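Commentary on secondary and tertiary structure
These are the residues of each chain, in order.
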Amino acid sequence: MMERRRMDAALLGLFLVHLATALEVPLDLPQPPTITHQSPKNYIIDPRENIIIHCEAKGKPHPSFSWTRNGTHFDIDEDPNVTMKPNSGTLVVDISRAKAEHYEFVYQCTARNKHGTAVSNNIVVQQSRSPLWSKERVDPIVISEGRSLVLRCRPPAGLPPPIIFWMDNYFQRLPQSARVSQSLNGDLYFSNVLQEDSRNDYICYARFPYTQTIQQKQPIVVKVLNQEPADERKPNFLIPSGPSSSKTVLRGQVLEMECIAEGLPTPEISWAKVSGELPTKRTSFLHYDKTLRIVDVSESDAGEYRCTARNPLGSVHQTIRVTVKAAPYWISGAPRNLVLAPGESSVLTCRASGTPKPSVSWAMNGIPIENSPKDLSRKVEDDTIIFTDVQAGSSAVYQCNVSNDYGYLLSNAFVNVLSEPPRVLTQNNKVYQVIKNRQASIDCASFGSPIPKITWFKDSRSSTLDGDPYVLHDNGTLEIHTAQAHNSGKYTCVARNSLGIYENHIYLEVKEPTRILKQPEYKVVQLGRSAVFECKVKHDPSLIPTMTWLKDDGELPDDERLIVDSDSLTIVDVSESDAGVYTCIMNTTLDHDSASAELTVVERPDPPTDLELTDQKKRSVQLTWIPGDEHNSPIQKFLIQYEDFLHHRGHWHNLTEVPGTRTTAHLKLSPYIHYTFRVLALNAVDFSRPSFPSRMVKTEPAAPDENPTGVQGFGTEHDNLVISWKPLSGLQANGPGLHYKVMWRQKVVDSDWTTVTVANNSKFVVSGTPTFVPYELKVQAVNDHGAGPEPAVAHGYSGEDLPVAAPDNVQAVLLNSTLAEVHWDPVPAKLIRGHLKGYKVYYWKEHSLHKHNPHLVKSQILTFSGNHTRRMLPDLHPFSLYLFNVRVYNGKGEGPPSPNHQIVTPEGVPSAPSSLRVSNPNLDSLTLEWSPPHERNGHITGYTLRYQPVNDSNELGPVEELALPANETSLTLLNLKYSTRYKFYLNAITVRGAGPPISEEAVTVMDEALISQHGADVGAAVASRQVDIATQGWFIGLMCAIALLILILLIICFIQRNKGGKYPVKEKEDAHTDPEFQPMKDDDCTFGEYSDNEDHKPLKGSRTPSNGTVKRDDSDDSLVDYGEGGDGQFNEDGSFIGQYSGKSASRETAGGHESSEAPSPINTMNSLNSFV
């Protein structure tokens, strides 16, 4: 027993392997037949067309076909109306010579070759039927209002059943509601009838889908009597009848249950499942909740369902018991073909379920298996056939039939016994392309018997691809869950079994994804303008992109206003029809990306319409209107304007505004106006055009409601009073004959009002008034219908005159040398003779107290508004005499000045010296010269000089300070460091302290060469910064030795000339063997080792003085005077031809072409080499 179980487990494992790896057998290999296409089991045909019964199969060799009809052989050759298509089992019945009903039978197709036989399902052929409605007399229906009613349809039975609907004579569907609805069988139910249900064209139609014909029932006449009001009643079910009912439905079909109730008021229907919850995703409610529909029914939907009908008078319940049956259905799919090698074992399983439980029967090659030849390698156990150690030649087709009371399943599965080496069916060198970060699947479809084992390699084939990130499926497919760029490359698929090996090469390319970088954005565009949607995309450069634009998920309109570019869509001259959602889609062969944006087209609103005036009263009226189209931009407000036909015809004035959510306004009216109104709407774009004017509203005249505003009194002369006001508008006049009653009186005197009448003017001048006297004023509006309300009292003054007095007790207090405070007593108000505006202080500098400063009188004025009695005088000059006076001023002008007073400012600190310059810079001294300050601000008591050295890094050294007397304007500083830069600061001092400094920089000098002009003129020179070697002992000794040597050489030369003529210098130069001796260069007349360029370089440690002057040094003077400074002339062969010359000869040539540099002693030595 245990051995049996182990064998069954092993066979089950083999079956699962064969099941998981089942593949199509290539058609070039032997194989039993397989049915590939057949007509449905219940085959309804159109009787007007030829009957085609399909039966297609494949196999090797190609199968032959035969048919049975009602279980017996159907000889096709004997029926001239029936033909079989070539290389096919499909039957074609020509009904032009026969009737379709003569071929309503049960057909079955058989396909066979030498390896087996396959059979089709039983195909029941029936023609569709659309019978006519039976003739019947339909009597009119008379019913009382409020009663329930059922209109029966009873359509003729058709195949398939017809679709029922109710319409009237005009082919318009009759309206349905919770009160009136159609049942599942087509009847029309009224929960209660109303008077409006009366009509004579209730017509039931039946549409037969196969023949596309519609049958019509005789019209039904319904007349509803409007008698006594019907009594209200609680609900009662019309469908289904009784307290409970039952329903049977098959698994996988649609369950429909209905509850229709009558009652008054109309009942509402609700549903619930008694034994559980309704399956939300598969449940829907139709016909105003009267029908419960559940799709794809399963066994879990069995149970009790309750529908409840409810109205205010009560409720009623109905229980429906649902039983779910099931025709046979596959549990794990139909049996699959088996391909086995000789000696292999496997199982063929036909596992199905159903309610009730179905029975399973087997057949082999169309013959019940119990009647088939015995085969020891085959064993049948209920729904499984076990194959053990199969042998060549045992190929066959097995039929599994599973059936119960509600249907059957018939499946063919062959067992093909083959010995075949492996082959890979996937195309060799196939290129797969996949987008980065997506799943990549590389196929390696193979075939072989035994089933080949698949292995994968990449590039170098160093190791098999197994494990993360690779997944190898049983069908040979290699999966990469998340493809990356490094996964690109060449892959090799190897299939091997015991009979051979086969390999295939496949290429994978991982591409960059397509992404929209800049998505189109929501646009709100005004009508007539342009809209641009941008859609910038990034994609793999090896993929060819295609940009597509959609509008509202459909194609773009064919309109030249829509311009599609590579990365944008432009819509010019936008119209309202352009509004919608625009989507850009970037497609490549591998992927796509999309983005959408909405275009809203806005325009200023249409003008309001249908202006209507209601509820008119003496001083008000109600205005209503209908808003125009707002064009996708909400109306923000309405502006109401009016035109006064009586006073300002053709001119529209703004009256009021109301929010955009209102369409009515209560308008206040003024008397004596002939109004017409219009309304404008405003949205975010602009105001609409004005509406058409309303009808005219006339108001009666009346006395003014208000008086003029802005009443004021003032004088233009010292003896008058001008009374002015803002006149009333025509809207405020309230009637004809508008004029003004002007009244005035002095405020301080108990006097009567003086009154005048003024028309067509807005001011009145009262003459002969006292100067600057307060007045009380009133202006009242009057027309032909009376006077306005009592006017308010305004105040004013008569004209002003110049002040007659100056401020008294004027004083000045010095706060410092530049600031003084001035005091005075205020001028009495009666002497000001006007509105006090303020005070003015006139002041000027009479002269400076210093003898060097000029006498200058320049008046200045400080104006102080308001009633002040002290103010500051800023910016005074120290050590000066000022004069000032004070004056009061009003609106007319200034009064007389006060007597002049003096201000003497004390001394202050001086300004900086006006100049500072440096002269006569020497080795350790220089001279400073300066000028006194421009602004001394007192007596100069002295100067302070500070100075400090500055190094090359601009760092300051220690400060030296000197106090100098006031009468000094120059100073020579001694004992300074040579060749050093100094910074100088100089400031002047008074008794009040030191003023700001003036600064300057200068450099002391060391050596200097002075190049003189012809005669005794001293030319310009450049300062030398060479190290002072002339004072060194070794240098003085060297110079003496050189001078002695020169003297000896001159004596020798002189003797040689006296003996034998010219000295052969050239020959001695050619014969010279001293390696230090170098020939003279022809281009610049210099010796090779010592060039002129070296002569221009300063010696180490030298610095050029900043003032650019050069002074003559004694050590240089000795060489220059002897003429050894570079003046020597040479002939063409390099011999020296210059003669000894004195000091004067040297200076004659120094003026124009000589360098300003000091002559180098090394150059002097080079010159002497030519004499050696």
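Residues numbered from 1 in each chain as written. Predicted model: local features only at pLDDT ≥ 70, side-chain atom pairs only at ≥ 80, totals over all residues. Heavy atoms only, no water.

This part is about the UniProt feature "transmembrane region" (unreviewed entry) in the chain. In the UniProt entry, the feature "transmembrane region" (unreviewed entry) is given for residues 1034-1055. Annotated as 100% helix and 0% strand, the span residues 1034-1055 places its first and last C-alpha atoms 32 Å apart. (UniProt positions renumbered as here; feature names shortened; annotations may be inferred. Helix = DSSP H or I, 4+ residues; strand = E, 2+ residues; numbered from the N terminus.)

Attention now goes to the state of the cysteines. Using the criterion set out here, one finds 6 disulfides in the structure. Paired by a disulfide, C153 and C204 hold their sulfur atoms 1.9 Å apart. Taking the sign of the S-S torsion, -70 degrees for the link of C153 and C204, the bridge is left-handed. Note that C153 is positioned in the loop between β13 (149-151) and β14 (163-167) and C204 in strand β17 (residues 199-208), a separation of 51 residues in sequence. Taking the relative accessible area as the measure of exposure, C153 reaches 0% and is therefore buried. At a sulfur-sulfur separation of 2.0 Å, the disulfide partner of C535 is C584. (Disulfide = S-S within 2.5 Å. Buried < 20%, exposed > 50% of the residue type's maximum accessible area, 1.4 Å probe, protein only.)

I51, I53, W67, Y107 and V125 are the most contacted members of the largest nonpolar core, which totals 31 residues. Of all the secondary structure elements, the ones that give two or more residues to this core are β2 (42-45), β3 (51-53), β4 (55-60), β5 (64-69), β8 (91-93), β9 (106-113) and β11 (123-127). Of the residues forming this core, the biggest block, 3 residues, is contributed by β9. Once residues lying within four places of it in the same chain are set aside, the contact partners of I53 are S39, Y43, W67, G89, T90, L91, Y107, I123 and V125. (Core = buried A, V, L, I, M, F, W, Y, C linked by side-chain atoms within 4.5 Å. Contact = heavy atoms within 4.5 Å.)

Pairing in this open sheet of 4 strands is mixed, and the strands run β39-β46-β45-β42 from one edge to the other. Pairing within the sheet leaves two strands with one partner each, and these edge strands are β39 (430-435) and β42 (453-458). Going from strand to strand, the sheet's axes swing by 30 degrees on average, the running direction of each strand aside. (Pairing = 2+ DSSP bridges. Axes fitted to C-alpha atoms, helices over the stretch in contact; angles between N-to-C directions.)

On to the pattern of salt bridges. On inspection of all chains with the given rule, the structure shows 38 salt bridges. Across the salt bridge formed by R251 and E299, the nearest N and O atoms sit 3.6 Å from each other. Here R251 is found in the loop between β21 (244-250) and β22 (255-258), whereas its partner E299 is found in the loop between β26 (291-294) and β27 (303-311), with 48 residues between them in sequence. Classification of R251 by relative accessible area gives partly exposed; the value is 35%. Here E821 and R870 are joined by a salt bridge, their closest N and O atoms 3.9 Å apart. (Salt bridge = Lys/Arg side-chain N within 4 Å of Asp/Glu carboxyl O.)

The 3 strands are arranged β49-β54-β53 in an open sheet whose pairing can be described as antiparallel. Both outer strands of the open sheet, β49 (531-534) and β53 (562-564), are each paired with one neighbouring strand and no more. Direction aside, neighbouring strands of the sheet carry axes that sit 15 degrees apart on average. The pairing of β53 with strand β54 (residues 568-571) spans 3 bridges and is classified as antiparallel. Directly across from I563, in β54, lies its bridge partner T570.

The next subject is the pairing of strand β73 (residues 819-825). Buried residues dominate β73, accounting for 5 of its 7 residues. Both strand β72 (residues 808-816) and β73 contribute to a ladder of 6 bridges, which runs antiparallel. When the sheet's bridge partners are listed, A812 is paired in β73 with V822. Two successive antiparallel strands, β72 and β73, enclose a turn made up of 2 residues.

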